[in-house]
Amino acid sequence: MAVELGVRVVRPRPGTELGVVMRTLLLLLWLATRGSALYFHIGETEKKCFIEEIPDETMVIGNYRTQLYDKQREEYQPATPGLGMFVEVKDPEDKVILARQYGSEGRFTFTSHTPGEHQICLHSNSTKFSLFAGGMLRVHLDIQVGEHANDYAEIAAKDKLSELQLRVRQLVEQVEQIQKEQNYQRWREERFRQTSESTNQRVLWWSILQTLILVAIGVWQMRHLKSFFEAKKLV
Amino acid sequence: MGCAAPRSASALLLLLLLLRAEQPRGAELTFELPDNAKQCFHEEVEQGVKFSLDYQVITGGHYDVDCYVEDPQGNTIYRETKKQYDSFTHRAEVKGVYQFCFSNEFSTFSHKTVYFDFQVGDEPPILPDMGNRVTALTQMESACVTIHEALKTVIDSQTHYRLREAQDRARAEDINSRVSYWSIGETIALFVVSFSQVLLLKSFFTEKRPVSRAVHS
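Residues numbered from 1 in each chain as written. Chains lettered and ligands numbered in written order. Predicted model: local features only at pLDDT ≥ 70, side-chain atom pairs only at ≥ 80, totals over all residues. Heavy atoms only, no water.

As recorded in an unreviewed UniProt entry, chain B goes by Transmembrane emp24 domain-containing protein 3 and comes from Sapajus apella. As its UniProt record puts it under Sequence similarities (unreviewed entry), chain B is described as follows: "Belongs to the EMP24/GP25L family." (UniProt positions renumbered as here; feature names shortened; annotations may be inferred.)

Per an unreviewed UniProt entry, chain A carries the name Transmembrane emp24 domain-containing protein 9 and comes from Sapajus apella. Recorded in UniProt under Sequence similarities (unreviewed entry), the annotation for chain A is "Belongs to the EMP24/GP25L family."

Given below as C-alpha cells:
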C-alpha cells in the first residue's frame, strides 16, 4: 500500500489546526487504500489490445496505473515518471480516434461516433531495455462504458439533485443505454442478414454456373477428341 | 465557511475511507488471445467476499479456451479445458490476490477473442453516504431499487445476446468467405483438370508409333 502523493503542509489558521491535520491524514489514508483494480503483466515491447463493442454516442473512460518490478525490494513499486504508456483507440473502420502518450498513471476518455467494435491498445513507450531488467510491467486497468462511466456524485453536485432524484436519474441513464444497445442490435442484425443472403446468393449462382461449366467442358472435350481421332483416322 | 464545513468534510472523508475497505468492483473486458498464448489477470479480494467470473469465446477456431482460477496460495480452485462459455462463483476464504488465466496453448494457428466479466462483492451505492442509512427506504426509493435491479438484468441479457450475435456473425462471415474461395478454386480446378485430361489423351495417341502399330497388328 504505497502512498502515492506527497503532502504540502500549509500554515493553518489558529483554531482550525487540528481539523486541517485530521482532514489531511484522512485524505492520505484514503489515497493510500486506493483500489487496486484488475491487473495484468505486460512485456516491454508487447502491445495489449482490448475490444469494446459499443453503440454510437457512448462514452468510455479508462483508468490505468503502472508498477515496475523492483529487484532489490522484490516487489512491485510505482513506475518511474519517465515510463509511460501509449494508448491508441481505433474505431470500427480502423480509423485512429485517440493516439496519445500518458504517464505512468493515466486516464483516457473517448466517445464513439460510429457503432461497432472499438479497439483500445496499450503499449509501453520504453526504449531503454535495461529499465525493465527482464521483468514485466504490472498494469492496473479499469474501463467503464456508457452508464457506468457516469460520476453520480458529480452529477448530484452540479444539478443539485436529492437522493431520490439521483436514483431516478440513474434509471433514466440505464434505460437510455438499453435503447442505444437495441438500436445497435437492429443494425447488427441487418448486417448479419446481408451476409447470410450474400452467402445464399453466392451458393445458388455458383451451383448453376458450375453445372453450366461442367456441361460446356464435357461437350467441348467430346467434340475436340472426336475431331482429333477423325484426323488420326482412328474413328 | 464556518466550523460545520470542515467537520462534514472530515466525515465525508472518513466515510470514503470506510468504503474503500470493502472495495466492491467489477471488470468486463474483451481481449485477443493469440495462438499458443496464455493471458492472466489478477485481482485482490478480501476474505469472505463472493466473486464471480463469466467468460465466453467470441471468435476464433473452435470457439473454445482453457481457463483456470488460482487462490493466493496457488491452489487451483477452478479448471476447465476447451470450454466455450462458463460461469464460476466462489467465496474467497483467504484474503489476497486471486488470478485467473485463459490459455490458447492447445491451438497452433487460431487466435481467439475472449470476453470475461469478473465481479467482486456487491455493487456500490451511487452516492457514498447512501450505504450508511439508518432509516428504512421509502416506497419510492424501494421502487427505484427494484427497477434498477431489473434493468441490470436487462443489460446483462443484452450483453449475452450481443456476444452470441457477434459469434454467429463471425461464423457467417467465415462461411461467406469460404464459399467465395471454394468456388474460385473449384472453377480453376475444373478447367485445369479438363484441359489436362484432353492433353493426356492426345499424348497417348500422338507419339510412340510402335504403340499404335502394336494396336493395329
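Caption draft 1: Just the overall build of chain B, in detail. A count of helical and extended segments in chain B gives 3 helices and 8 strands. Moving toward the C terminus, one meets the helices and strands of chain B in the order α-β-β-β-β-β-β-β-β-α-α. Across the 217 residues in chain B, those meeting the buried criterion constitute 39%. Counted over contacts in chain B with a minimum sequence separation of 6, partners at least 24 positions apart contribute 77%. Total accessible area on chain B stands at roughly 12700 Å², and carbon and sulfur atoms take up 58% of it. (Helix = DSSP H or I, 4+ residues; strand = E, 2+ residues; numbered from the N terminus. Buried < 20%, exposed > 50% of the residue type's maximum accessible area, 1.4 Å probe, protein only. Contact = heavy atoms within 4.5 Å. Areas by Shrake-Rupley, 256 points an atom, 1.4 Å probe, with all protein chains shown as cover.)

Caption draft 2: Inspection of the overall build of chain A at higher detail. The secondary structure content of chain A amounts to 3 helices and 9 strands. Secondary structure elements of chain A occur, N-terminal to C-terminal, as α-β-β-β-β-β-β-β-β-β-α-α. Going through the 235 residues of chain A one by one, you find that 38% of them count as buried. A total of about 14200 Å² of accessible surface is found on chain A, and carbon and sulfur atoms cover 56% of it.

Caption draft 3: Quick peek at the state of the cysteines. Under the defined criterion, the tally for this structure stands at 2 disulfides over all chains. Here Cys49(A) engages in a disulfide with Cys121(A); their sulfurs sit 2.0 Å apart. Residues Cys49(A) and Cys121(A) share a disulfide whose torsion about the S-S bond is about 105 degrees; that sign makes it right-handed. Separated by 72 residues along the polypeptide, Cys49(A) in strand β2 (residues 47–54) and Cys121(A) in strand β8 (residues 116–124) bring together distant segments of the chain. For the pair Cys49(A) and Cys121(A), a shared accessibility class is recorded, and that class is buried. The thiol of Cys67(B) is unpaired, and the distance to the nearest cysteine sulfur, on Cys101(B), comes to 8.0 Å. Here Cys67(B) falls in the buried class, since its relative accessible area comes to 1%. (Disulfide = S-S within 2.5 Å.)

Caption draft 4: Expanded view of empty space enclosed by the protein. Under the defined criterion, the tally for this structure stands at 2 cavities of 30 Å³ or more. In this structure, the second largest cavity encloses a volume near 30 Å³. Around the second largest cavity, the lining residues are Leu141(A), Asp142(A), Ile143(A), Gly26(B), Ala27(B), Glu28(B) and Leu29(B). The set of elements that each furnish at least two residues to the lining of the second largest cavity consists of β9 (137–145) of chain A together with β1 (25–33) of chain B. With 4 residues, the top contributor of residues to the lining of the second largest cavity is β1(B). Class assignment for the residues of the lining of the second largest cavity results in 4 nonpolar, 1 polar and 2 charged. (1 Å grid on protein atoms, 1.4 Å probe; cavity = no way out; pocket = protein on both sides within 12 Å on 5 of 7 lines; lining within 4 Å. Points joined across faces, edges and corners; volume = space filled by probe spheres on them. Nonpolar A, V, L, I, M, F, W, Y, C, P; charged D, E, K, R; others polar.)

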